[in-house]
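Notes for the structure review
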2 protein chains.
Amino acid sequence: MNLSNGAARALTKGAIVVAGIKDVAREAGVSVSTVSYVISGKRSISAKTTDRVMAAVEKLGYIPDANARKMRGMRSQVIALSAPIRGDINQAKYNAYFLHTAWAARNAGYDVLLLTGQDAVNDICRVTEGNLVDGVVLLDVEENDERAAASGRLPKPCVAIGYPSIHKRCACIDIDFAAAGKKAVDYLFDKGHRKIVFLRNNESDYERESGYVVIFRRSMLSQAKVRGVEVIESPRYEADCFDAKRFVRDTFAGVDCPTAIINQANASVLNLVLQELAVAGLSIPEDVSVLSCGTYLEGELMSRPVTEMPVMPEKLCSRAMRLLISAIEENAEIMDVVDLEAPVLKERGSIADIGRGDQMSSL
Amino acid sequence: MNLSNGAARALTKGAIVVAGIKDVAREAGVSVSTVSYVISGKRSISAKTTDRVMAAVEKLGYIPDANARKMRGMRSQVIALSAPIRGDINQAKYNAYFLHTAWAARNAGYDVLLLTGQDAVNDICRVTEGNLVDGVVLLDVEENDERAAASGRLPKPCVAIGYPSIHKRCACIDIDFAAAGKKAVDYLFDKGHRKIVFLRNNESDYERESGYVVIFRRSMLSQAKVRGVEVIESPRYEADCFDAKRFVRDTFAGVDCPTAIINQANASVLNLVLQELAVAGLSIPEDVSVLSCGTYLEGELMSRPVTEMPVMPEKLCSRAMRLLISAIEENAEIMDVVDLEAPVLKERGSIADIGRGDQMSSL
DNA sequence: TTGTAGGCGTTATCAT
DNA sequence: ATGATAACGCCTACAA
């Protein structure tokens, strides 16, 4: 008999009583190990004992202490999600990734710890080395991402949603934006377009070399050169400062104006442009074709459907999570995995074939 | 001398070595308690010893195990953020709250654990009783919120951003939407408006009695009755299915059409309406006045500025966090706190005074 | 089938 | 000023 705490061991936290495994054991009239085994199911226990124990668990509302459990080398069942807030806090694009990551994690029995601090590398080290989390997902990965570069030192597996140039021991999941840039040009080329305007993303994303934004643009421009397609770039703008009226006026005023728009801006900006095109009397796709890339317009309220090469957060998140879980639970070696998904083009009738259909392009 | 593990105690996790406090102690040639005190600073240690210990900490990259720490009754420095995903996963409105909560938490030295599972009450119990978190923030609170109703049983403090009818032992932080509904009507009344169209939020929010949406509408309608203001309600619609063209046509076709819009829909819907108003040749505020409520348009890309009574997530989140932290760190009794902020009206020139200025209303 | 006991890494309470 | 050691709550090898 344990003298020091054989008596009522129920702890009071504030006004609320939290039962421990010993309380359950006493209530059920068995030993603590029996309770533990009933719960973990790692040993066969007689039905009668099991019932008594479960009844006690129910009665006391027993929930094992997550920390004591982890001290025994068990997993914490928590995934860290790194999404550093850089500059303005209005990062609407994160949202889908947050939710889908959390969703995928929960389905695998994990919770998500949100790391949004500026000092991301530090935070990640802290929670992995402190055994707070079992693995890490990197969001909003830049071309030269210091988190990905530091992932080599982490004691837990790590997956990036994105494709940084340095990715020591950190798996990468993304859409193949290089292929996407090429495909966008080829697709429009095949439909006869020879002069295209590129509607840029807001400038801050280029400045910090946000991975996909840069890769797509670079590849698109290079393929345009290959095909002999002329590309005009929209003027640069800061987030929430885009002048759609001016853009439309300047771009589509002259006689030899572009026949298509490749959009890399977000849904709001694109919506404003569509609106201004309508005001200017230009109809889609008769007067102007529109191809949106790196967006996901299906969930957005657009003033008209737009053909796009979407990035689907749900898919990326669930694949990233599957990979991470396999590393956590089956010790799978994922460090060298680079999984770039081929881009998909969703036709929604915003692109016209302007009929120089004599050429063919190979994908 | 401890025989069982006095030797090299550095644990290997995967290929990475994690040092424990014993390793640091051995490296520095001191006892574990000395290391602990150097780190916590709870006892004065000679400068020489301190230096040796810190050097060892640096060298080994020692980071205390968060779990062992918590076993000793320390805080986990983690806040749970409950934002159950109901129905579709495209809950863009959550985003600002996620980021601002995380931001406020980090400033106070806490991380955020995201709980988005369907079974919110269960998740909250699990993480609070399991000592995974020090406190809970409730998001997207409904009129009859089961989480708020269950908060009485939680062993950790809890703050709701919202104002549910039942809130046992759970503090509430929100904007006073009842006052906001009243103020919206009074403001337009004072400017001479006597017939108003209410642009509803999407239907799912009313169905599940999302707190603020319901409270605002109810109070607005009741005050309209008091003032003798006629209110037409926009047709119901599901998320992402709003027909703006039709709404504008049906509402502003006749001779005796409304002179003002009170908007409760999100920025996308409102943008579509503004667009259609322009197409219909109606200008703001000359032909139609617009007052948006429960939105936060400042961060959005609107086709024109709109006067609004904004809900500012940053403010709510930081107040909620302050309150929660005071409960956690100073054992403040916050259970009975209900903190409803007076609504603010941001003029942005979308409302006309149509000049029956003979009446005055008291706020 | 069930009970006993040791240990996970840390902090706090002793003693030195 | 520093060291040894007993908890914290749980899991599991070993004993019965």
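Residues numbered from 1 in each chain as written. Chains lettered and ligands numbered in written order. Predicted model: local features only at pLDDT ≥ 70, side-chain atom pairs only at ≥ 80, totals over all residues. Heavy atoms only, no water.

An unreviewed UniProt entry lists chain A under the name LacI family transcriptional regulator, with Bifidobacterium tsurumiense given as the organism.

This part is about the pattern of salt bridges. Pairs can form between side chains of opposite charge whenever their charged atoms are close. Under the counting rule described, the total for this entry stands at 49 salt bridges over all chains. Between D23 of chain A and R26 of chain A there is a salt bridge; the shortest N-O distance is 2.9 Å. Of this pair, D23 of chain A and R26 of chain A both sit in helix α1 (residues 21-28), three residues apart, roughly one helical turn. Between K315 of chain B and E341 of chain B there is a salt bridge, and its shortest N-O distance comes to 2.9 Å. Note that K315 of chain B is positioned in helix α13 (residues 313-330) and E341 of chain B in strand β13 (residues 338-341), a separation of 26 residues in sequence. Classification of K315 of chain B as partly exposed rests on a relative accessible area of 38%. For E341 of chain B, a relative accessible area of 14% puts it in the buried group. (Salt bridge = Lys/Arg side-chain N within 4 Å of Asp/Glu carboxyl O. Helix = DSSP H or I, 4+ residues; strand = E, 2+ residues; numbered from the N terminus. Buried < 20%, exposed > 50% of the residue type's maximum accessible area, 1.4 Å probe, protein only.)

Let us look at the interface of chain A and chain B. Taken together, the 57 residues of chain A in the interface contact 57 residues of chain B. Carbon and sulfur atoms supply 62% of the area that chain A and chain B bury against each other, a total of about 5200 Å² over both sides. Taken together, the links from chain A to chain B amount to four salt bridges. Linking R126 of chain B and D111 of chain A is a salt bridge whose minimum nitrogen-to-oxygen distance equals 2.8 Å. Taken together, the connections running from chain A to chain B amount to 13 residue pairs in polar contact (both at pLDDT 80 or more). Among the secondary structure elements, those contributing two or more residues to the side of chain A that touches chain B are β2 (16-18), α4 (66-71), α5 (94-107), β4 (111-115), α6 (120-129) and α12 (267-279) of chain A. No other element matches the eight residues that α5 of chain A contributes to the side of chain A that touches chain B. Grouping the constituent residues of the side of chain A that touches chain B by class yields 30 nonpolar, 16 polar and eleven charged. Sheet topology places β4 of chain A next to strand β4 (residues 111-115) of chain B; three bridges connect them, and they run antiparallel. (Contact = heavy atoms within 4.5 Å. Buried area = accessible area lost by both parts, 1.4 Å probe. Polar contact = N/O pair within 3.5 Å; in protein donor to acceptor, adjacent residues only side chain to side chain. Nonpolar A, V, L, I, M, F, W, Y, C, P; charged D, E, K, R; others polar. Pairing = 2+ DSSP bridges.)

Formed by 108 residues in total, the largest nonpolar core has its most connected members in F98, F216 and I262 of chain A together with F98, F216 and I262 of chain B. If we ignore the near neighbours within four places in the chain, the residues touching F98 of chain A are L81, A83, L114 and L139 of chain A together with N95, F98, L99 and L114 of chain B. (Core = buried A, V, L, I, M, F, W, Y, C linked by side-chain atoms within 4.5 Å.)

Let us now look at the packing of helix α2 (residues 32-40) of chain B against helix α3 (residues 47-60) of chain B. All names here are of chain B. At a closest axis distance of 10 Å, the pairing of α2 and α3 adopts a crossing angle of 90 degrees. Taken as axis vectors, α2 and α3 run roughly perpendicular relative to one another. Every residue of α3 that contacts α2 at T34, V35 and V38 is listed here: T49, T50, V53 and M54. Considering only residue class, the contact of α2 with α3 consists of four nonpolar, three polar and no charged. (Axes fitted to C-alpha atoms, helices over the stretch in contact; angles between N-to-C directions. Parallel < 35°, antiparallel > 145°, perpendicular 65-115°, else oblique.)

Another aspect to go through is the sheet that holds strand β8 (residues 195-199) of chain B. All names here are of chain B. Spatial ordering of the open sheet is given by β9-β8-β10-β11-β12, a layout of five strands whose pairing is parallel. Strands at the two margins of the open sheet, each flanked by one partner only, are β9 (230-233) and β12 (307-309). The sheet shows a mean angle of 25 degrees between the axes of neighbouring strands, direction not considered. Where β8 and β9 come together, four bridges link them in parallel fashion. Bridging across to β9, K195 finds its partner in E230.

With that out of the way, let us pick up the UniProt feature "domain: HTH lacI-type" (unreviewed entry) in chain A. UniProt marks residues 19-73 of chain A with the feature "domain: HTH lacI-type" (unreviewed entry), using the numbering shown here. End-to-end, the C-alpha atoms of residues 19-73 of chain A are 22 Å apart, and along that stretch the chain is 67% helix and 0% strand. (UniProt positions renumbered as here; feature names shortened; annotations may be inferred.)

Next up on the list: the UniProt feature "domain: HTH cro/C1-type" (unreviewed entry) in chain A. UniProt feature "domain: HTH cro/C1-type" (unreviewed entry): in the numbering of this structure it lies at residues 22-63 of chain A. Taken end to end, residues 22-63 of chain A has its terminal C-alpha atoms 12 Å apart, with 71% of it in helix and 0% in strand.

Let us now look at the environment of V248 of chain A. Its place among the elements puts V248 of chain A in helix α11 (residues 244-252). Distance in space between the C-alpha atoms of V248 of chain A and P305 of chain A is 19 Å, their sequence separation being 57 residues.

What follows is about the environment of S46 of chain A. Considering the arrangement of structural elements, one finds S46 of chain A in the loop between α2 (32-40) and α3 (47-60). The spacing of S46 of chain A and I262 of chain A is 216 residues in sequence and 68 Å in space, taken between C-alpha atoms.

According to the stated counting rule, one finds seven cavities of 30 Å³ or more in the structure shown. For the largest cavity, the calculated volume is near 70 Å³. Looking at side-chain class alone, the lining of the largest cavity contains six nonpolar, no polar and two charged residues. (1 Å grid on protein atoms, 1.4 Å probe; cavity = no way out; pocket = protein on both sides within 12 Å on 5 of 7 lines; lining within 4 Å. Points joined across faces, edges and corners; volume = space filled by probe spheres on them.)

To continue, consider the domain arrangement of chain A. For chain A, the domain assignment lists domain 1 (21-72), domain 2 (78-175 + 312-341) and domain 3 (177-309). Placing a centre on the C-alpha atoms of domain 1 of chain A and another on those of domain 3 of chain A gives a separation of 61 Å. (Domains from an automatic or database assignment.)

Where α1 of chain A is concerned, the buried positions are D23, V24, A25 and A28 of chain A. Where α1 of chain A is buried, its residues contact α2 and α3 of chain A.

In this section: helix α5 (residues 94-107) of chain B. Here α5 of chain B is 14 residues long and its end C-alpha atoms lie 20 Å apart, about the 20 Å a rise of 1.5 Å per residue gives. Of all 14 residues in α5 of chain B, ten are buried, a share of seventy percent or more. Its buried side turned inward, α5 of chain B meets α5 and β4 of chain A together with β3 (78-82), β4, β6 (158-161) and α13 of chain B. (Expected span 1.5 Å × (residues − 1).)

Take the packing of aromatic side chains next. Applying the stated rule across the entire model yields eleven aromatic pairs over all chains. The interplanar angle of 40 degrees and the centroid separation of 6.1 Å between the aromatic rings of F98 of chain A and F98 of chain B together place this pair among those described as tilted. Remark: F98 of chain B occurs in helix α5 and F98 of chain A occurs in helix α5; the pair is interchain, linking two chains. The class of F98 of chain B is buried, set by a relative accessible area of 0%. By the ring-pair criterion, three or more aromatic residues cluster together here, those being Y94 and F98 of chain A together with Y94 and F98 of chain B. Directly above the ring of F189 of chain A sits R227 of chain A, whose terminal nitrogen or CZ lies 5.1 Å from the centroid. (Phe/Tyr/Trp six-rings, centres within 6.5 Å; stacked < 30°, edge-to-face > 60°. Lys NZ or Arg CZ within 6 Å of the ring centre and 35° of its normal.)

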